[in-house]
Amino acid sequence: MKKFFKMAVALSVMALAAGSASAWNWPWAAKSENKISLTGSTTVLPIAQKAAEEFMKINKGVEVSVKGGGSGVGIAAIIDGSADIGNASRAIKAKEIINAKSKGINPVGNEVAKDGIAMVVHKSNPIDAITLDQLRDIFSGRITNWSKIGGGSGKIVAVSRDTTSGTYEVFGELVLRGAKLRDDAIMTVSNREVAENVKNTEGAIGYLGLAFLSDEMKVLKVEGVMATEANVINGTYKVARPLYMYTNGEPSGLVKQFIDYVVSSEGQKIVKEVGYVPVK
Amino acid sequence: MRNVLRITAAAVLSLAISAGVFAAEPETKVYGYNWFRYTLGYDNAKEKTSAFEVKRTYVRVKTTGEGYEGALTLDYENSAAQTGVNFGTWVKNAYVDLKSLPLLVDAGMTVRVGLQGVPFGTIDTWEYPLIEKAPEDKLKLVDSADYGVTLRGYLPMALGNFEAGILSGSGYKKAEANLDKSVVASLNIVPITGIYVRGSYLGHQIGEDQQVNGQPSSLAKYADRKSVVLGFGSSPISGFVEALESKDQKSSGKSGIGQALAAYLGVEIIDAISAHAMYMTSNPDTLRVRDEKNLYAIGVNYDVTEKVMLQLNYQMEQDKVGGGSSPVTTNLWMAQTKWSW
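These numbers come from a predicted model, not from an experiment. (Residues numbered from 1 in each chain as written. Chains lettered and ligands numbered in written order. Predicted model: local features only at pLDDT ≥ 70, side-chain atom pairs only at ≥ 80, totals over all residues. Heavy atoms only, no water.)

### Some remarks on the overall build of chain B
Applicable threshold: The way it works is that DSSP assigns letters per residue, a run of H or I at least four long becomes a helix, a run of E at least two long becomes a strand, and they are numbered from the N terminus. The classification of residues rests on relative accessible area computed with a 1.4 Å probe and restricted to protein chains. Under 20% of the type maximum is buried, over 50% is exposed, and intermediate values are partly exposed. Note on areas: Shrake-Rupley with a 1.4 Å probe; residue coverage comes only from the protein chains shown.
Broken down by element type, chain B carries two helices and 18 strands. Considering chain B as a whole, with its 341 residues, one finds that 47% of them fall into the buried category. Entry remark: accessible area of chain B is about 16,800 Å², with carbon and sulfur atoms responsible for 60%.

The structure is reproduced here in structure tokens:
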């Protein structure tokens, strides 16, 4: 028993010493100072790609590689050290934080943009505002006629993005909240297709990114707040989410330069160009 | 072979049906692993082993739908114990995580029902950086998977996570015939980045299930199992120290108490190459003499491609260490490819 106790104490002290030591690296494993890699969310991908192109134009000799794969892949890449920046269209989960911290990784979320989703109906629809619960009931099939929410008496035609899109993911998380999308929803492959369906169908209701709004459809207030960039930024509009670039610890060196560029006025122009809401 | 095909077909079919029942468009992933191993072994009695084997093949299916996640793992095991059959087939995992149960969903808790990994010590987190099994698996103290229901959740501020539940106590390779159940509980705390502590308990009251239908049962396997793991990670090194204690029924000349201490260390040398070492000393019964065992294992892992890893291991096992005549020493040299697909 004594032998076991002594060994346990000795090994534990060694483990604590090793774990509390700062991260280091072998001399031969030092990373190139001119290269950074990003991987992860397909929602963040257009921002990352365009920003990487522009950043490389400004900084000659610098190589920025960008890959997709999904938010989970991006965060996993930060945890296993296979990328410098992990792109994510959601906040890191408790499970991922625990996994990261256990491995000595300190994930830091750098918010680079916001993704706001507007609710739109046909121009002839008399309603101007809707609640999150009404939206959930419409898109899950509990409400099928506009008369239930004071929007005339026609049948509701729900227009949704396909389930693989990032926009659907946000919609599911913030609006459906666990409910199943109605079986008769029209599934579309792009924001433009949603817009086409809504402007051409009298009883239609759909959702799309703020960058795709036009005068050809009516935008509804959600919980009394209009879907505008200002309301997304100030947090009052509820169907919106932040987009992140995760790093291990506070960014430094070239990684910091890149993230600083993305949140700079030039980088935020790119954010707007590709259809998202700037954070500044 | 026909049985293997039948089981595979039935599993795939049942998964497809369940996917259809749960939600309109769940996301399903099919993936797996295959381990091909060469073992060269000899002991001090000059007995030799030289064997090629496809040690294991896992076929995994994961389905994620609204409010649930289901997983199925088929384990094709190439075991020397199999006679006349090349591969034994086990269903290793077949569980559903229920993620949107009332009251629990707001607390971020899930309930896992079915055949699942046992949340104990390092057995459910061991990713085989060495070819050898996790300490409690190697010592056959705990089954790696079992039938049951567990509650899983997180501590506030992502300070850690916990699992607690009821399991059959018979393990995944046996149909349950015992009356009593095992209880399992694990608490993992990450107080600071780079350090974690996990305490686990698995208890099985040996009592009623000594008899099944009036007949003595050989299934009463567990008494008490305790584990404390102190782990660390600070790139490029990681590792843990684990202390284990087992308590079984006393008998003549036996205390029923066993102890073990294990230490593992892994070091990333470059992106594709890492080195690993494990030491374990165990005393299966504190009253018996010359039943202690030591295990030393070292290995190098090389990622040949993104999907293929080569593992080269040497391990030495010393049996009956506690004094008297020299221990039985077994030396194993192993080379293994792990193909992920």
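### Looking at unusual backbone geometry
Residue and element names in this part refer to chain B. Residue Pro236 is bonded to the preceding Ser235 through a cis peptide linkage, with omega at 10 degrees. Of note in the backbone geometry, Met157 takes a positive phi value of approximately 60 degrees without being a glycine. By the secondary structure assignment, Met157 is in the loop between strand S6 (145–154) and strand S7 (160–167). For Ala158, which is not a glycine, the phi torsion comes out positive at approximately 50 degrees. Looking at the element boundaries, Ala158 is found in the loop between S6 and S7.

### Topic: the nonpolar core
Residue and element names in this part refer to chain A. To be explicit about the condition: What makes a nonpolar core is a set of buried Ala, Val, Leu, Ile, Met, Phe, Trp, Tyr and Cys residues whose side-chain atoms join them at distances within 4.5 Å.
Met119, Leu135, Ile138, Phe139, Ile205, Tyr237 and Val239 are the most contacted members of the largest nonpolar core, which totals 35 residues. The element best represented in this core is helix H6 (residues 166–176), accounting for six residues. Membership of the second largest hydrophobic core comes to 25 residues, among which are Ile36, Leu38, Val112 and Val255.

### A closer look at the packing of aromatic side chains
Spelled out, the test is: Pairing of aromatic rings covers Phe, Tyr and Trp, the last counted by its six-membered ring, and requires centre-to-centre distances within 6.5 Å; plane angles under 30 degrees mean stacked, over 60 mean edge-to-face, and any other angle means tilted. The rule is short: NZ of Lys or CZ of Arg within 6 Å of the ring centre and within 35 degrees of the ring normal puts a charge over the ring.
In the structure shown here, the tally under the stated rule is 18 aromatic pairs over all chains. An angle of 75 degrees between the planes, with centres 4.7 Å apart, marks the rings of Phe139 of chain A and Phe171 of chain A as edge-to-face. Residue Phe139 of chain A is located in helix H5 (residues 132–140), and its partner Phe171 of chain A is located in helix H6; the two are separated by 32 residues in the primary sequence. For the pair Phe139 of chain A and Phe171 of chain A, one class covers both residues: buried. Members of the aromatic cluster, each reached through a chain of ring pairs, are Tyr31, Tyr33, Trp35 and Tyr58 of chain B. Its guanidinium or amino end placed over the ring of Tyr95 of chain B, Arg112 of chain B lies 4.0 Å from that ring's centre, counting from NZ or CZ.

### A closer look at the pairing of strand S2 (residues 48–65) of chain B
Residues and elements named next belong to chain B. As a reminder, the rule being used: By the convention used here, strands pair only if DSSP detects at least 2 bridges between them.
In terms of strand pairing, strand S1 (residues 27–43) meets S2 through 16 bridges, oriented antiparallel. When the bridges of S2 are listed, Trp35 appears paired with Arg56. Between S1 and the antiparallel strand that follows it, S2, lie four residues; Lys46 among them carries a positive phi value of about 65 degrees. In this sheet, strand S3 (residues 68–77) lies alongside S2 in antiparallel orientation, the contact comprising ten bridges. For Arg56, the partnering residue across the bridge sits in S3 and is Glu77. The hairpin turn running from S2 into S3, its antiparallel successor, is two residues long, and Gly67 in that turn takes a positive phi close to 85 degrees.

### Remarks on the pattern of salt bridges
All names here are of chain B. The condition that has to hold: Salt bridges are counted wherever a side-chain nitrogen of Lys or Arg sits within 4 Å of a carboxyl oxygen of Asp or Glu.
Under the definition given, this model contains 27 salt bridges over all chains. Residue Asp248 pairs with Arg225 through a salt bridge whose shortest N-O separation is 3.3 Å. Here Arg225 lies in strand S12 (residues 224–234) and Asp248 lies in the loop between strand S13 (237–247) and strand S14 (257–270), a separation of 23 residues in the sequence. Overall, Asp248 belongs to the partly exposed group, its relative accessible area being 29%.

### As for the packing of H5 of chain A against H6 of chain A
Residue and element names in this part refer to chain A. The condition is simple: Between N-to-C directions, angles span 0 to 180 degrees; the directions come from axes that are lines fitted to C-alpha atoms, helices contributing only their stretch in contact. Between 65 and 115 degrees an angle is taken as roughly perpendicular, under 35 as roughly parallel, over 145 as roughly antiparallel, and anywhere else as oblique. Here a residue-residue contact requires only that any non-hydrogen atoms of the pair lie within 4.5 Å. Residue polarity follows a fixed list, in which Ala, Val, Leu, Ile, Met, Phe, Trp, Tyr, Cys and Pro are nonpolar, Asp, Glu, Lys and Arg are charged, and the others, Gly among them, are polar.
Interhelical geometry of H5 versus H6 gives an angle of 120 degrees and a closest axis separation of 9 Å. On the basis of their axis angle, the class for H5 and H6 is oblique. Here Leu132, Leu135, Arg136, Phe139 and Ser140 of H5 come into contact with H6, specifically with Phe171, Leu174, Val175 and Leu176. Of the residues in the contact of H5 with H6, the class split is seven nonpolar, one polar and one charged.

### As for the domain arrangement of chain A
A common way to express how large an interface is: the accessible area buried when the components associate. Residue and element names in this part refer to chain A. Just so we agree on the cut-off: All domain edges in this entry derive from an automatic or database-based domain assignment. Once two parts are joined, some of their accessible surface, as seen by a 1.4 Å probe, is lost; buried area is that loss totalled over both. Polar contacts, as used here, are pairs of N or O atoms within 3.5 Å; protein pairs need one atom able to donate a hydrogen and one able to accept it. Residues neighboring in sequence count only if both atoms are side-chain atoms.
For chain A, the domain assignment lists domain 1 (35–114 + 242–273) and domain 2 (116–240). Computed over C-alpha atoms only, the centres of domain 1 and domain 2 are separated by 30 Å. Listed as interface residues are four residues of domain 1 and, on the opposing side, six residues of domain 2. Buried surface at the junction of domain 1 and domain 2, both sides included, amounts to about 450 Å², of which 49% is carbon and sulfur. Where domain 1 meets domain 2, there are one salt bridge. Close ionic contact of Lys272 with Glu229 constitutes a salt bridge, the shortest N to O distance being 3.7 Å. Our enumeration of links across domain 1 and domain 2 arrives at zero residue pairs in polar contact (both at pLDDT 80 or more). Taken together, the residues that form the side of domain 1 that touches domain 2 break down as no nonpolar, two polar and two charged.

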